[in-house]
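The primary structure of each chain is shown beneath.
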Amino acid sequence: MSAAAAHPGVSHPSPWIRRWSHLVPATATVLDVACGSGRHVRWFASRGARVTGVDRDAGAVEGLREIAEILVADIESGPWPFEGRRFDAVVVTHYLWRPLLPRIVEAVAPGGVLLYETFATGQETVGRPSNPHFLLRPGELLDAVRGELRVVAYEDGFLDEPARYVQRVAAVRERAAACAPRYPLEPLP
């Protein structure tokens, strides 16, 4: 049974997050930013990760404390609660607050991965959100990670079901290595 099926009302993990989850070791520390009801908290916890979730809606995170470290915090107007902490994976979906982009990238530990997916310019033509403050501009995620993380995968475009414009990135903070690290584009058999 999937984590979502075990928890009615919780949607399935994003296909983007599922696709790139193989870059996150089973015992990793994972930060889910603006985790909401916890679809990705549950996904990574079910894979053995030690998950931390943060959201400003205490009601949304109800029930997640049994499987994760949960912080209720307004990260847009309050202090960043993870100052100095690094995670093996940082996950962000359907959330954009531009002033936090540098802190989100900084929270990725050496050897860690950033999995980010949210709405992009064009979304205003098909639905919500339509406010440009919450829509990524072309190439904006690439700009956010440039010089800090190595991009393994990036997409910026239109998805049909449901109709939406998205931008998404899978990027790693490389460690110094004697040989070129391998970041499989598909899970190993």
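Our structure's up above, just so we're on the same page.
Computed from a predicted structure; not experimentally measured.

Calculation criteria
Residues numbered from 1 in each chain as written. Predicted model: local features only at pLDDT ≥ 70, side-chain atom pairs only at ≥ 80, totals over all residues. Heavy atoms only, no water. Core = buried A, V, L, I, M, F, W, Y, C linked by side-chain atoms within 4.5 Å. Buried < 20%, exposed > 50% of the residue type's maximum accessible area, 1.4 Å probe, protein only. Contact = heavy atoms within 4.5 Å. Phe/Tyr/Trp six-rings, centres within 6.5 Å; stacked < 30°, edge-to-face > 60°. Salt bridge = Lys/Arg side-chain N within 4 Å of Asp/Glu carboxyl O. Helix = DSSP H or I, 4+ residues; strand = E, 2+ residues; numbered from the N terminus.

Peer 1: Help me out: how do you make sense of the nonpolar core in this one?
Peer 2: Soluble, globular proteins show a tendency: their nonpolar side chains are buried together. L31, V33, W80, V90, I104, L114 and Y116 are the most contacted members of the largest nonpolar core, which has 26 residues in total. Sequence-distant contacts of W80, defined by excluding residues within four places in its chain, comprise L31, V33, I75, L100, R103, I104 and A107. W16, L64, V113 and L115 belong to the second-largest nonpolar core, a separate cluster that totals 25 residues.

Peer 1: For this particular structure, what's the right way to read the packing of aromatic side chains?
Peer 2: By convention here, two paired aromatic rings are described through the distance between centres and the angle between planes. Within the structure shown, the criterion is met by four aromatic pairs. Note on F82 and F87: the rings are 5.7 Å apart at their centroids and 85° apart in plane angle, and the pair reads as edge-to-face. Summarising the burial analysis for this pair, F82 and F87 share the class buried. An aromatic cluster is built from W80, F82 and F87, whose rings are joined through pairwise contacts.

Peer 1: I'm lost on the pattern of salt bridges in this one. Help?
Peer 2: Side chains carrying opposite charge are able to pair once their charged atoms draw close together. All told, the structure shown has 11 salt bridges when counted by the stated rule. For R86, the salt bridge goes to E106, with nearest N and O atoms at 3.7 Å. Of the two residues, R86 is situated in the loop between β3 (69-72) and β4 (87-93) and E106 in helix α4 (residues 101-106); the sequence distance between them amounts to 20 residues. Residue classification places E106 among the partly exposed positions, given a relative accessible area of 34%. A salt bridge links E155 to R168, with the shortest nitrogen-to-oxygen separation between them at 2.7 Å. With E155 in strand β6 (residues 150-159) and R168 in strand β7 (residues 164-172), the pair connects residues that are 13 residues apart, well separated along the chain. Accessibility expressed as a relative area gives 9% for R168, which makes it buried.

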